[in-house]
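Residue-level listing of the chains:
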Amino acid sequence: MTKANDVPVFTPRRMTVIGCGYLGAVHAAAMATLGHDVVGFDLDASKVELLSTGRTPFYEPGLDDLLSEALATGRLRFTTSYAEAAEFADVFFLCVGTPQKKDSNAADMTYVNGAIDTLAPLLTRPALVVGKSTVPVGTAEALRDRLVALSPAGVDVRLAWNPEFLREGFAVKDTLSPDRVVVGVDDPADADELAALYAPVLELGMPWVVVDLATAQLVKNAANAFLATKISFINAMAELCEATGADVVALADAIGHDARIGRRFLHAGLGFGGGCLPKDLRGFMARAEELGVDQALAFLSEVDDINKRRRLRAVEVTTDLLDGDVSGKRVAVLGAAFKPDSDDIRDSPALDVATLLHDLGAEVRVHDPKAMDKARETRPELTYIDDPVEACRDADVVLHLTEWAVFRELDPVKLGEVVKHKRILEGRNTLDSGAYVRAGWDFRALGRPIIKG
Ligand code: UDX
C-alpha cells in the first residue's frame, strides 16, 4: 500500500538490532523513535546494562537523549539473549563490527558470520534479515545461502542489505534524516517491506534507492573510498603547496567553487582516521585482490600512503619549529579524538603524531574535551591535562591536531602568556591564523605558507 506521494504507509514492526556498538545503538534508538518495537542485542553484558539505563559507552551528541526518550516510550529494550532476540522479532538488523584483520588489510567477518550462524537456527518463522555492517562486496549471497540452509524456516528467511552512511558526531541526524536510503534485495517485495518500515524517513523526501545485494554492498565501499580519495587529493595538493609556497586553503576554496568538484571533504590537514575510512579503504583493496581486480583499486594504496604521510609531515614541521631537536622539549597537543564531537580514538591522526613525538623524546601533554579517558587506556605513556590552557603551560610548541570548537575559542594573546615559546603547528586549518600572527606566534600550518610572528 502506498500513499498518494508514493511513500508507503508506515508499518510498525517488531525488530531486533544485533550488535549495539556505534551503529547498532544509534539504529536501535532511532527505530524505536520512528515507532517500531525494538530489542537491541549485544553479547557484552556491561554494554547492555549501560544502554538499558539510557547511557552510551561512547560520546555522540544527542544520542543519550534519543536513547532515553526511546526507552521511555517502552518500545526499546536491550538483551544479551539470542533466544529472546530471535523469538521477539521478524526483522533483524545486523550491525556487528567488521574490524581490519590483525594480520592483513582484509575485513574480519568473524562477527558477521557468527551472528548469522547463531541466529539462523533460531528462526522458526518468516523473517527479514537486513545487513547494515560494512562488509566486502559480494559476501551477501553466501550469507543468504548460509541463512537459508541453517534456518528451520528455510527460504522464508530472506536477506537484504541496507548500508549505513552515518558520520560520528552527526549519527542521530544521519540516521533519522540520511542523504539517501539504499537497499539491496533479491526480491522487490523485500524492498517494499523495508520502505514501509522506513516510511517516516522517506516522508522527509529522502531518495530511496533499490538495487541488488552486491551493488548495495559496493555502494558503501565506493562511497567511503571516494571520500578518502577526496581528502587525500587535497592533502597531496598540500604537499605541492608546501613545496611551492602556495596556499592549500585558498586552492580548495577556488576549485571547490566548481559544482562538479564541490568544497566539502576538501579540508586539508592531518588527514583521515577513525574506525571507518582507513580500514574500509584497506578492506576494499583486499577484496579487489581476492576478486582478481586489484589493479582497479591500486590507486587507493596511494590514497592511504598520502594520508599516512601527513602524520609524518606534522612531526617534521614540529621538529622544524623546535629548531631540529624534539628531545626533552615540552609539546602541547590539542586534540586526541580522530575528529571533533567524538571520543573515538581509533586510528586517530592526532594521537599518532603525539606518540611519534613522545617516542622521539618529547614531553607530550595532551588535552581533548572528550577523548582523554580512551586515549589514556591505549596510550598511557602520554601525559593528559584536563584543561587546554594548562596543557599549553611552558610548552615549547603547541600542536592543534583535532578541530574542536573550544580550541578555536582560545585567545592567542592569553595562550601566548602561558607558553614558553609562541610556536604553533596548525594541523587542521581551522584556527584564525591572523589572530595568532598578530599575537606574535610563529604559525605553521600544513599546506599553507610559513608565517613568522
Ligand atoms: C565516515 C563517512 O563519512 C561515513 O559516511 C561512513 O558511514 C563512516 O565513515 P566518520 O568516520 O564518522 O564517517 O567521519 P568523517 O566525518 O567522514 O571523517 C573521517 C576523517 O576524515 C576524520 O578523521 C576527519 O577529520 C577527516 N577529514 C574529513 C579530513 O581530513 N578532511 C575532510 O575534508 C573531511
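Since the model is a prediction, treat every value here as computed from it, not as a measurement. Counting restarts for each chain, with residues numbered from 1 along the sequence as it is written. In keeping with the model being predicted, local features are shown solely for residues with a pLDDT of at least 70 and side-chain atom pairs are shown and tallied solely at 80 or more, while totals for entire chains, interfaces and linings include all residues. To get the side-chain values, take all heavy atoms of the structure and skip hydrogens and water.

Take the overall build of the protein next. From N to C terminus, the protein includes 19 helices and 14 strands. Taking 22 Å as the expected radius of gyration for a compact globule of 453 residues, we find that the protein reaches 24 Å, a close match to that expectation. Summarising its shape, the C-alpha atoms of the protein cover approximately 70 × 45 × 45 Å along the three principal directions. Exposure categories follow from relative accessible area, calculated using a 1.4 Å probe and restricted to protein chains: below 20% of the type maximum is buried, above 50% is exposed, and the middle band is partly exposed. Per-residue burial over the protein gives 55% buried out of 453 residues. Note on contacts: a residue pair is in contact if any heavy atoms of the two residues lie within 4.5 Å. Once local pairs closer than 6 in sequence are excluded, the contacts in the protein between residues at least 24 apart make up 71%. Total accessible area computed for the protein in this model is approximately 19,000 Å², and 54% of it derives from carbon and sulfur atoms. Charged side chains in the protein number 50 positive and 68 negative. The centres of these two groups are separated by 3 Å. Under the DSSP-based scheme used, a helix requires at least four consecutive residues in state H or I and a strand at least two consecutive residues in state E, with every element numbered from the N terminus. Throughout, the radius of gyration refers to the C-alpha atoms, and the reference size of a globule is 2.2 Å times the residue count to the power 0.38. Only the protein chains shown count as cover for residues, and all accessible areas are computed by the Shrake-Rupley method using a 1.4 Å probe. His is not counted, nor are the chain ends, whereas Lys and Arg count as positive and Asp and Glu as negative. Where a charge lies is defined by one atom per residue type: Lys uses NZ, Arg uses CZ, Asp uses CG and Glu uses CD.

We now examine the environment of Arg 125. Mapped onto the fold, Arg 125 is located in the loop between helix 5 (110–119) and strand 5 (127–131). Taking C-alpha positions, Arg 125 is 60 Å from Ala 250, a pair spaced 125 residues apart along the chain. Ignoring any residue separated from it by four or fewer positions in sequence, one finds Arg 125 in contact with Ala 86, Glu 87, Phe 88, Ala 89, Asp 90, Ala 153 and Val 157. At 2.9 Å, the side chain of Arg 125 forms a polar contact with the backbone oxygen of Glu 87. Polar contacts, as counted here, are pairs of nitrogen or oxygen atoms within 3.5 Å of one another; within protein the pair requires one atom able to donate a hydrogen and one able to accept it, and residues that are adjacent in sequence qualify only if both atoms are side-chain atoms.

Split into domains, the protein comes out as domain 1 (14–211), domain 2 (221–303) and domain 3 (309–452). Where a domain begins and ends is set by an automatic assignment or by a domain database. Of note, the centres of domain 1 and domain 2, computed from C-alpha atoms alone, are 29 Å apart. Counting residues at the interface gives 15 residues for domain 1, matched by ten residues for domain 2. The quantity reported as buried area is the accessible area (1.4 Å probe) lost by two parts once they are put together, taken as the sum for both. Contact between domain 1 and domain 2 buries roughly 970 Å² in total, counting both sides, with carbon and sulfur atoms accounting for 52%. Considering only the side of domain 1, the residues that lose the most area to domain 2 are Gln 100, Asn 105 and Val 137, jointly responsible for 43% of the buried surface there.

It is worth spelling out the site of the ligand at this point. If even one non-hydrogen atom of a residue comes within 4 Å of a molecule or strand, that residue is called near it. Within the structure, the ligand sits among 20 residues, and Phe 165, Leu 166, Glu 168, His 267 and Lys 339 are positioned closest to it. Here an oxygen atom of the ligand sits 3.4 Å away from a polar atom, N or O, in the main chain of Leu 266. In this structure, an oxygen atom belonging to the ligand sits 3.0 Å away from a main-chain N or O atom of Gly 273. Coverage of the ligand by the protein amounts to 92% of the 670 Å² it exposes when considered alone. Take the shell around the ligand: its biggest share by element is four residues, from helix 10 (residues 213–244). A per-class count over the shell around the ligand returns ten nonpolar, four polar and six charged. Charged means Asp, Glu, Lys or Arg here, nonpolar means Ala, Val, Leu, Ile, Met, Phe, Trp, Tyr, Cys or Pro, and polar covers whatever is left, Gly included.

Looking now at helix 5. Every buried residue of helix 5 is accounted for by Val 112, Ala 115, Ile 116 and Leu 119. An end-on view of helix 5 places all buried positions within 95° of arc, on one side of the element. Residues of helix 5 that are buried sit in contact with strand 1 (14–18), helix 4 (82–88), strand 4 (91–94), strand 5 and helix 6 (140–150). By definition, the arc is the one covered by directions from the helix axis to the C-beta atoms.

Within the element layout of this structure, Thr 56 appears in the loop between helix 2 (45–52) and helix 3 (63–72). Within polar-contact distance, the side chain of Thr 56 engages the backbone oxygen of Phe 58 at 2.8 Å.

Our focus in this paragraph is the packing of aromatic side chains. Whether two aromatic rings pair depends on their centres lying within 6.5 Å, for rings of Phe, Tyr and Trp, where Trp uses its six-membered ring; planes under 30 degrees apart make the pair stacked, over 60 edge-to-face, and the rest tilted. Within the structure shown, the criterion is met by five aromatic pairs. Aromatic side chains Tyr 436 and Trp 441 sit 5.4 Å apart centroid to centroid with 70° between the ring planes, which places their arrangement in the edge-to-face category. Among the residues examined, Trp 441 registers a relative accessible area of 0% and is labelled buried. An angle of 45° between the planes, with centres 5.8 Å apart, marks the rings of Tyr 436 and Phe 443 as tilted. Residue class for Tyr 436 comes out buried when judged on its relative accessible area of 3%. Three or more aromatic residues joined by ring pairs form one cluster here, namely Tyr 436, Trp 441 and Phe 443.

Another aspect to go through is helix 1 (residues 22–34). With 13 residues, helix 1 should reach 18 Å at 1.5 Å per residue; the first-to-last C-alpha distance of 19 Å fits that figure. In terms of burial, helix 1 is a largely internal element, twelve of the 13 residues being buried. At the exit of helix 1 stands Gly 35, carrying a positive phi of roughly 125°. Here the expected span of a helix is defined as 1.5 Å times the quantity of residues minus one.

Note on pairing: DSSP must find at least two bridges between two strands before they are called paired. Strand order across the open sheet formed by six strands is 11-10-9-12-13-14, with parallel pairing between neighbours. The sheet terminates laterally at strand 11 (383–384) and strand 14 (442–445), the two strands that pair on one side only. Two elements, strand 12 (residues 397–400) and strand 13 (residues 423–426), share three bridges in a ladder whose sense is parallel. Directly across from Leu 399, in strand 13, lies its bridge partner Leu 425. Throughout, an axis means a line fitted to C-alpha atoms (over the contacting stretch in the case of helices), and angles, computed between N-to-C directions, take values from 0 to 180 degrees. Strand contacts of helix 13 (residues 298–321): strand 12, strand 13 and strand 14, with the helix running at about 165° to strand 13, the strand carrying the most contacts. On top of the sheet, helix 14 (residues 349–359) reaches strand 9 (330–334), strand 10 (363–367), strand 11 and strand 12; it is set at about 160° to strand 10, its chief contact.

Here the focus is the packing of helix 5 against helix 6. The geometry of helix 5 relative to helix 6 is characterised by a closest axis approach of 9 Å and an angle of 25° between their N-to-C directions. In this view, helix 5 runs roughly parallel relative to helix 6, as classed from their interaxial angle. Here the hand of the crossing between helix 5 and helix 6 comes out right-handed. Touching Val 112, Asn 113, Ile 116 and Asp 117 of helix 5 are Leu 143, Arg 146, Leu 147 and Leu 150, all from helix 6. Among the residues forming the contact of helix 5 with helix 6, the class breakdown is five nonpolar, one polar and two charged. Relative orientations are named as follows: roughly parallel for angles under 35 degrees, roughly antiparallel for angles over 145 degrees, roughly perpendicular for angles from 65 to 115 degrees, and oblique for any other angle. Note: crossing handedness is left-handed where the near helix turns anticlockwise from the far helix by less than a right angle, and right-handed where it turns clockwise.

Going residue by residue along strand 12, you find Val 397 and Leu 399 tucked away on one face and Val 398 and His 400 tucked away on the opposite face as well. Of the pairings in the sheet, the one linking strand 9 to strand 12 comprises four bridges and is parallel in character. Within strand 12, the position partnered with Val 331 by the bridge is Val 397.

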